[in-house]
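Residues per chain are reported as follows:
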Amino acid sequence: MKTTKLDLKHLERTAWRSYHQDGLWDVFIGLLLLSAGVSSIVGSDWINLVLMLGAAGVMALGKHFVTVPRMGAVQFGAERKAKNRKVALLLFLTVLLGVALYAAAVTNLEVLGWQPDQGTLTTLAMSLVILVIFGGIAYWLDFPRMLLMGLAFAAAFATSRLLDTPVTFLVAGAAVLAWGAALFVSFVRRYPVPGPGGGDER
Amino acid sequence: MNADDPRANGLKPTVAFDRLIHEPARLTLMAYLYVVEQADFVFLMRQTGMTQGNLSSHLSKLEDAGYVAVEKSFKGKKPHTMLRLTEEGREALRRYRQSMSQMLDGLPE
């Protein structure tokens, strides 16, 4: 007789990870990469901002209208909420850092004695920072696939700056987006919306 | 069966178990509700793999025992039910775990 160990931590982690099967994080990161490439080609940072907000909107709407109706609604416990807050803080600090570096670059300002330049070492250091940020998100979100997306992001960033071409962003973005879309389609097929009354039998 | 019968003595530890929780499907439900604050019917159905009817039946038993609390609301026109373990339910699961632990710890290697 087959027996399965009832491990509460494993149970919670499995339930949490089931919400990431939808591929929406992959779609979001793919769209971010594509927006970076497109805005470089067009030469407008405003387009980048608009596309990034659009990507966030796609993910939020997807979670609300596709994932939750299929997987159900849940409020995870205090420990999971604490991890999510750490991710939110990390993302907030990342955005702040990005804005600060952008401001320094366009105004030629020195930031703590350092001026942003196009040098290889700076590029590699920034790529490493990107990887560390994605690694932190992957760890706290219990979402290992995020590390792969971080690798794609860091590689696209580094090669784009070193080769002075936005094409790497477009290639990486298309690959991650395609993967995310495939996961999304697979998720929708695997988890149809419960039938009438299926959301509430009580 | 008298008290000296070894079979009777062997049965004694098991009668202390909460039979409501001891049923595998209900134990799984209690476990999922233990690790979250609250969840709806669809979540439990997806995570446990139970059918709607089966899930509803087990939840009713747990609700009647006071282990699960049910909050009904509406999302637009659709009824929506959130479920959570009561303090009594959490305590019952902890007691069940302790009973199992104590019994199994006494087993020979």
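Along every chain, residues carry numbers that run from 1 in the direction the sequence is written. A letter from A marks each chain and a number from 1 marks each ligand, given out in the order of writing. Confidence filtering applies because this is a predicted model: local features only for residues at pLDDT of at least 70, side-chain atom pairs given and counted only at 80 or more, and all residues used for totals across whole chains, interfaces and linings. The basis for every side-chain value is the complete set of heavy atoms in the structure, and neither hydrogens nor water enter the calculation.

(A) Highlighting the overall build of chain B. Across its full length, chain B carries six helices and three strands. Reading chain B from its N terminus to its C terminus gives the helix and strand order α-α-α-β-α-α-β-β-α. Buried, partly exposed and exposed residues are distinguished by accessible area as a fraction of the type maximum, computed with a 1.4 Å probe on protein chains only: under 20%, between the cut-offs, and over 50%, respectively. Expressed as a percentage of its 109 residues, the buried residues of chain B come to 41%. Pairs at least 24 apart in sequence give 52% of the contacts found in chain B among residues at least 6 apart. About 6400 Å² of surface is accessible on chain B, with carbon and sulfur atoms providing 52% of the total. Elements are defined by DSSP. Helices are runs of H or I of four residues or more, strands are runs of E of two residues or more, and each kind is numbered from the N terminus. Here, two residues are considered to be in contact whenever any of their heavy atoms come within 4.5 Å of each other. Per-residue accessibility takes into account occlusion by the displayed protein chains alone, with areas from the Shrake-Rupley method and a 1.4 Å probe.

(B) Main features of the pairing of strand β3 (residues 78-85) of chain B. Residue and element names in this part refer to chain B. Strands qualify as paired when DSSP identifies two bridges or more between them. Sheet topology note: the strand β1 (residues 36-40)/β3 ladder contains two bridges and is antiparallel. Bridging from a neighbouring strand, A39 pairs with L83 of β3. Inspection of the sheet shows strand β2 (residues 68-75) paired to β3 by eight bridges, in the antiparallel sense. Bridging from a neighbouring strand, V68 pairs with L85 of β3. From the end of β2 to the start of β3, which pair antiparallel, there are two residues, and G76 there has a positive phi angle of about 70°.

(C) Examining the interface of chain B and chain A more closely. If you look at the interface, chain B gives 29 residues, while chain A gives 26 residues. Buried area: the accessible surface (1.4 Å probe) lost by two parts on joining, summed over both. Together, the buried faces of chain B and chain A total about 2400 Å²; carbon and sulfur atoms form 57% of this surface. Broken down residue by residue, the surface that chain B buries against chain A is led by V35(B), E37(B) and R46(B), which jointly contribute 25%. Here a salt bridge means any side-chain nitrogen of Lys or Arg lying within 4 Å of a carboxyl oxygen belonging to Asp or Glu. The interface formed by chain B and chain A holds one salt bridge in total.

(D) Spatial organisation of the sheet that holds β3(B). Read across the sheet, four strands follow the order β1(A)-β1(B)-β3(B)-β2(B) without closing on themselves; strand pairing throughout is antiparallel. Only two strands of the sheet have a single partner each, and these edge strands are β1 (74-76) of chain A together with β2 of chain B. For this sheet, the mean angle separating the axes of adjacent strands, direction not counted, is 20°. Angles shown run from 0 to 180 degrees and are taken between the N-to-C directions of axes, each axis being a line fitted to C-alpha atoms and, for helices, limited to the stretch in contact.

(E) Structural detail: a nonpolar patch on the surface. Residues and elements named next belong to chain A. Note on patches: the residues involved have over 30% relative accessible area and no salt bridge, like charges join within 9 Å, and the nonpolar side chains Val, Leu, Ile, Met, Phe, Trp and Tyr join within 5 Å. Nonpolar side chains collect at one region of the surface, where V38, I41, V42, I47 and L51 lie side by side and expose about 370 Å² of accessible area between them. At three residues, the largest contribution of residues to the nonpolar patch is made by helix α2 (residues 24-42). Note on placement: V38 falls in helix α2. V38 sits in the partly exposed class, given a relative accessible area of 31%.

(F) Quick peek at helix α6 (residues 87-105) of chain B. All names here are of chain B. Here a helix's expected span is defined as the number of its residues, less one, multiplied by 1.5 Å. Between its first and last C-alpha atoms α6 spans 27 Å; for 19 residues at 1.5 Å apiece the expected length is 27 Å, and the two agree. Of the residues making up α6, those classed as buried are G89, R90, A92, L93 and Y96. With its buried residues spanning 160° around the axis, α6 presents them on a single face. Exposed residues lying more than 90 degrees from the buried face of α6 are E87, Q102 and D105. Those residues of α6 that are buried lie in contact with α2 (19-22), α3 (24-35), β1 and β3. Throughout, the arc means that of the directions going from the helix axis to the C-beta atoms.

(G) Summary view of the packing of aromatic side chains. All names here are of chain A. Pairing of aromatic rings covers Phe, Tyr and the six-membered ring of Trp, with a centre-to-centre limit of 6.5 Å; geometry is then stacked below 30 degrees between planes, edge-to-face above 60, and tilted otherwise. This model, assessed by the stated rule, comprises eight aromatic pairs over all chains. Here the aromatic rings of W25 and F28 are separated by 5.9 Å at their centres, their planes lie at 75°, and the arrangement is edge-to-face. Note that W25 and F28 are positioned in helix α2 at a spacing of three residues, about one turn of the helix. When its relative accessible area of 16% is taken as the criterion, F28 is described as buried. Taking 5.4 Å as the distance between ring centres and 35° as the angle between the ring planes, the aromatic pair formed by F134 and F153 counts as tilted.

(H) Main features of the packing of α2(A) against helix α6 (residues 145-163) of chain A. Residue and element names in this part refer to chain A. Their axes nearest at 11 Å, the elements α2 and α6 cross at an angle of 5°. In terms of orientation, α2 and α6 fall into the roughly parallel class. Counting all contacts with α2, which are made through W25, D26, I29, L32 and L33, the residues of α6 involved are R145, M146, M149, F153 and A156. Among the residues making up the contact of α2 with α6, the classes are represented as eight nonpolar, no polar and two charged. The cut-offs work like this: below 35 degrees is roughly parallel, past 145 is roughly antiparallel, 65 to 115 is roughly perpendicular, and the gaps in between are oblique. When residue character is reported, Ala, Val, Leu, Ile, Met, Phe, Trp, Tyr, Cys and Pro are called nonpolar, Asp, Glu, Lys and Arg charged, and the others, Gly included, polar.

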